[in-house]
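Listed here are the chains, written in short residue letters.
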Amino acid sequence: MTAAEIFSLKGKRVWVAGHRGMVGSAIVRRLATEDCEILTASRETVDLSRQAEVEDWVEANRPQVVFLAAAKVGGIQANATYPAEFLYDNLMIEANVIHASQTNGVEKLLFLGSTCIYPKMAAQPMREEALLTGPLEETNEWYAIAKIAGIKLCQAYRKQYGSDFIAAQPTNLYGPGDNYDLETSHVLPALLRKAHEAKMAKAAAMDVWGTGTPKRELLHVDDLADAAVFLMKHYSGEMHINIGSGEEIAIGDLAELVCKVVGYAGELNFDTTKPDGTPRKLADASRLKQLGWHGARPLETGIGETYADWLGSDRYAG
Ligand code: GFB
């Protein structure tokens, strides 16, 4: 049974902060099917890390609803290389957008975090209650601390001002609009690119970082966008909500699946000089399920769609 719709987007001015990113652009695509007015602001118009610019823009544009999808993001190596940027940029963006939303009377806001907020050794699947029960994983603790602060801002503004600000944690995402730079990307676009290039070059093998044993749960970004809109309409509460597919896969098996989709039959070379990161990261999405959302597409289908999208996009350099 689906929980009742408690908030309507009909006729509302809805700001998607971070609309050029993978998550924000997916939310814009999803909102196109709703009867609402979508607001976006380019980086040239408003730098979200600047408090005065955010306050001026929100005051002038008066959004009623905010999807806070703007963030500095990256894969395991980017997180480990740029700790200051991952902490500072994300803290500034979320503090500015959440505060300006409260002072300008935004009716509802959804903040998007990440399942890396949970302790490295959290019991699996990870329930929302695992937050702040143990040490974080070292490669992404800077990003995680910023995202935890975002959740706490939503809770604090709800407590002190009665603001209907909610938070959700998507698991590892993939899909259209992803970053394919091998140094800074997440695992799925990296594997797609490596397998494709190895196929084109008729290479005997391709590199996979780490041991291949860590497990990850992957969710297509269009499914995340659908779940985010669902939560906006059907959920209000202090508890942050997990968003996941419920399926996990070892990185070695993921590499094999990507090779199958791409049509590359070479060997996999595991480069153990690269970090593994968290051993397992499976979200317990039962709260979301109980509310009535369960729409994740099968992983192989999503990888096939993403591969086709990348080959046809201007991110593909040939
Ligand atoms: O996706 P990923 O970079 O991020 O890496 P995390 C996931 C796993 O895939 C790690 C392995 O065990 C990597 O070692 N891997 C194998 C690769 N080959 C590759 C490759 O070519 N590129 C990459 N990038 N990985 C990030 C966090 O963690 O995930 C962020 O750092 C955030 O804070 C994000 O939470 C969702 O899942 O380890």
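One can find the structure itself at the top, above this paragraph.
Residues numbered from 1 in each chain as written. Predicted model: local features only at pLDDT ≥ 70, side-chain atom pairs only at ≥ 80, totals over all residues. Heavy atoms only, no water.

Visitor: I tried to follow the sheet that holds strand β8 (residues 215-220) on my own but got confused; where do I start?
Guide: By definition, the strands of a sheet pair up through backbone hydrogen bonds, in either a parallel or an antiparallel sense. Taken in spatial order, the three strands line up as β6-β8-β10 in an open sheet, and their pairing is mixed. Whereas interior strands pair on both sides, the edge strands pair on one side only; in this sheet they are β6 (172-174) and β10 (248-250). The average angle at which neighbouring strand axes cross in this sheet is 50°, direction not considered. Relative to β10, β8 runs antiparallel, the two being bridged by three bridges. Its bridge partner being in β10, R216 is matched across the sheet by I249. (Pairing = 2+ DSSP bridges. Helix = DSSP H or I, 4+ residues; strand = E, 2+ residues; numbered from the N terminus. Axes fitted to C-alpha atoms, helices over the stretch in contact; angles between N-to-C directions.)

Visitor: Is there a simple way to explain the pattern of salt bridges in this structure?
Guide: Tallying each qualifying case throughout the model produces 23 salt bridges. Two residues, K108 and D164, come together in a salt bridge whose shortest N-O distance is 3.8 Å. Here the residue K108 occupies a position in strand β4 (residues 108-112), and D164 occupies one in strand β5 (residues 164-170), the gap between them amounting to 56 residues. Two residues, R297 and E305, come together in a salt bridge whose shortest N-O distance is 2.7 Å. (Salt bridge = Lys/Arg side-chain N within 4 Å of Asp/Glu carboxyl O.)

Visitor: Whenever I open this one, the pairing of strand β1 (residues 13-17) confuses me. Can you help?
Guide: Every other side chain in a regular strand lies on the same face of the sheet, so the side chains alternate between the two faces. The buried fraction of β1 amounts to four of the five residues, a majority that puts the element mostly inside the structure. Of the strand pairs in this sheet, β1 and strand β2 (residues 37-39) are connected by three bridges, and their pairing is parallel. Across the sheet, the residue bridging to R13 is E37, located in β2. Considered for its hand, the β-α-β crossover made up of β1, helix α1 (residues 22-31) and β2 is right-handed. Where β1 lies against strand β3 (residues 65-68), four bridges are found, and the strand directions are parallel. Bridge assignment links V16 to a residue of β3, and that residue is F67. (Buried < 20%, exposed > 50% of the residue type's maximum accessible area, 1.4 Å probe, protein only. Right-handed = clockwise from strand over helix to strand, strands pointing away.)

Visitor: Looking at this structure, I do not really get the site of the ligand. What am I missing?
Guide: Surveying the vicinity of the ligand reveals 22 residues, the closest of which are I76, K194, R216, P275 and D276. P275 has a polar backbone atom sitting 2.6 Å from an oxygen atom of the ligand. Coverage of the ligand by the protein amounts to 97% of the 710 Å² it exposes when considered alone. Every element with two or more residues in the shell around the ligand is listed here: α3 (76-81), α6 (187-200) and β7 (205-209). (Near = heavy atom within 4 Å. Polar contact = N/O pair within 3.5 Å; in protein donor to acceptor, adjacent residues only side chain to side chain. Areas by Shrake-Rupley, 256 points an atom, 1.4 Å probe, with all protein chains shown as cover.)

Visitor: How should the packing of α1 against helix α7 (residues 221-234) be read in this particular structure?
Guide: In a pair of packed helices, the angle between the axes and the distance between the axes together describe the arrangement. Closest axis-to-axis distance for the α1/α7 pair is 8 Å, and the angle between their directions is 60°. In terms of their interaxial angle, α1 and α7 are classed as oblique. Viewed along their axes, α1 and α7 form a crossing whose handedness is right-handed. Across the interface between the two elements, M22, V23, A26, I27, R29, R30 and L31 from α1 touch V221, D222, L224, A225, D226, A228 and V229 from α7. (Parallel < 35°, antiparallel > 145°, perpendicular 65-115°, else oblique. Left-handed = near helix turned anticlockwise from the far one by under 90°. Contact = heavy atoms within 4.5 Å.)

By themselves, these figures tell us nothing about what the structure is for.
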